[in-house]
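Listed here are the chains, written in short residue letters.
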Amino acid sequence: VMIKGGTYYEQLTVKVSGTSGSPITFTNYNGEQVIIDGSKNSGTTILTITDKKFLVFSNLTVQHITKNNAVGVLVTASKSGGTSDLTFRNMAFKTINWTASASTTPNSNQNAQPFIAYGYGAAQANAITNLVIDSCEFSNNITGFSESLSLDGNIDGFTITNNKVHDNANIGIA
């Protein structure tokens, strides 16, 4: 899926999966800059991926959402489903904020997460597996009590390489 350059004010939920021989790739068209911007979203999450397989996201920017519990990308495996073989490469995650002011002291209920993967299932079949986050940039996020990149719950097999994590309030990777 080639995405034409521009700023897209969207709240997206991925509804498709690829196959092992034919992953679905979402990328920018012809080197153009693609920005998925959450500043006009009524919800708290810009991009949601649940129980999907064989997807690649590359050369996209996910940015600008300021509200408590804001999320740039949410990857989940439900208790009865499973998520596998997702790759995020050359992505930028910026200004995903729980508040507009980095100097505001948060309490434990004030959070934002530019990227979170969470496996809810207890069985191996319901895990997030083969998750790759490579050559991405996480910058200028105000995460409150959360992290810029967080992997939680039932996750079995991930690779985090060559990422730049800088100028974020609180923890970079957990």
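Use the structure listed above.
### As for the layout of surface pockets
Where empty space is left becomes clear once a probe the size of a water molecule has been rolled over the atoms.
Reasoning step 1: Space inside the largest pocket adds up to approximately 220 Å³.
Reasoning step 2: Lining the largest pocket we find 14 residues, and of these Ile3, Leu12, Phe26, Ile36 and Leu47 sit closest to its centre.
Reasoning step 3: Elements with a contribution of two residues or more to the lining of the largest pocket: strand E3 (12-13) and strand E5 (34-37).
Reasoning step 4: Of the residues in the lining of the largest pocket, the class split is 11 nonpolar, one polar and two charged.

### Focus on unusual backbone geometry
Reasoning step 1: Non-glycine residue Asn69 carries a positive phi angle of around 65 degrees.
Reasoning step 2: You can call Asn69 partly exposed: its relative accessible area is 40%.

### Observations regarding the packing of aromatic side chains
Reasoning step 1: On inspection of all chains with the given rule, the structure shows six aromatic pairs.
Reasoning step 2: Each ring, one from Phe88 and one from Phe115, has its centre 4.9 Å from the other, and the planes form 85 degrees; the classification is edge-to-face. You can see Phe88 sitting in strand E10 (residues 83-89) and its partner Phe115 sitting in strand E12 (residues 112-119), a full 27 residues away along the chain.
Reasoning step 3: Among the aromatic residues, ring-to-ring pairing joins Phe26, Phe57, Phe88, Phe93, Phe115 and Phe138 into one connected group.

### Notes on the nonpolar core
Reasoning step 1: Grouped together as the largest cluster of nonpolar side chains are 35 residues, with contacts concentrated most on Ile49, Phe57, Val73, Val75, Phe88 and Phe115.
Reasoning step 2: When residues of this core are assigned to their parent elements, the largest contribution, four residues, is made by strand E9 (residues 70-77).
Reasoning step 3: Beyond its immediate stretch of four places on either side in the chain, Phe57 contacts Val14, Phe26, Leu47, Ile49, Thr87, Phe88, Arg89 and Met91.

### Some points on the pairing of E12
Reasoning step 1: Across the eight residues of E12, seven count as buried, placing the element largely inside the fold.
Reasoning step 2: Taken together, the seven bridges between E9 and E12 define a ladder with parallel strand orientation. Bridge assignment links Ala77 to a residue of E12, and that residue is Gly119.
Reasoning step 3: As paired elements, E12 and strand E15 (residues 142-153) share five bridges and run parallel to each other. Among the inter-strand pairings, Ile116 is bridged to a residue of E15, identified as Ser150.

### Points about the environment of Phe145
Reasoning step 1: The residue Phe145 is located in strand E15 in this model.
Reasoning step 2: Judged by its relative accessible area of 46%, Phe145 falls in the partly exposed class.

Rules used in this analysis
- Residues numbered from 1 in each chain as written.
- Predicted model: local features only at pLDDT ≥ 70, side-chain atom pairs only at ≥ 80, totals over all residues.
- Heavy atoms only, no water.
- 1 Å grid on protein atoms, 1.4 Å probe; cavity = no way out; pocket = protein on both sides within 12 Å on 5 of 7 lines; lining within 4 Å.
- Points joined across faces, edges and corners; volume = space filled by probe spheres on them.
- Helix = DSSP H or I, 4+ residues; strand = E, 2+ residues; numbered from the N terminus.
- Nonpolar A, V, L, I, M, F, W, Y, C, P; charged D, E, K, R; others polar.
- Buried < 20%, exposed > 50% of the residue type's maximum accessible area, 1.4 Å probe, protein only.
- Phe/Tyr/Trp six-rings, centres within 6.5 Å; stacked < 30°, edge-to-face > 60°.
- Core = buried A, V, L, I, M, F, W, Y, C linked by side-chain atoms within 4.5 Å.
- Contact = heavy atoms within 4.5 Å.
- Pairing = 2+ DSSP bridges.

Worth remembering: the numbers are spatial, not functional.
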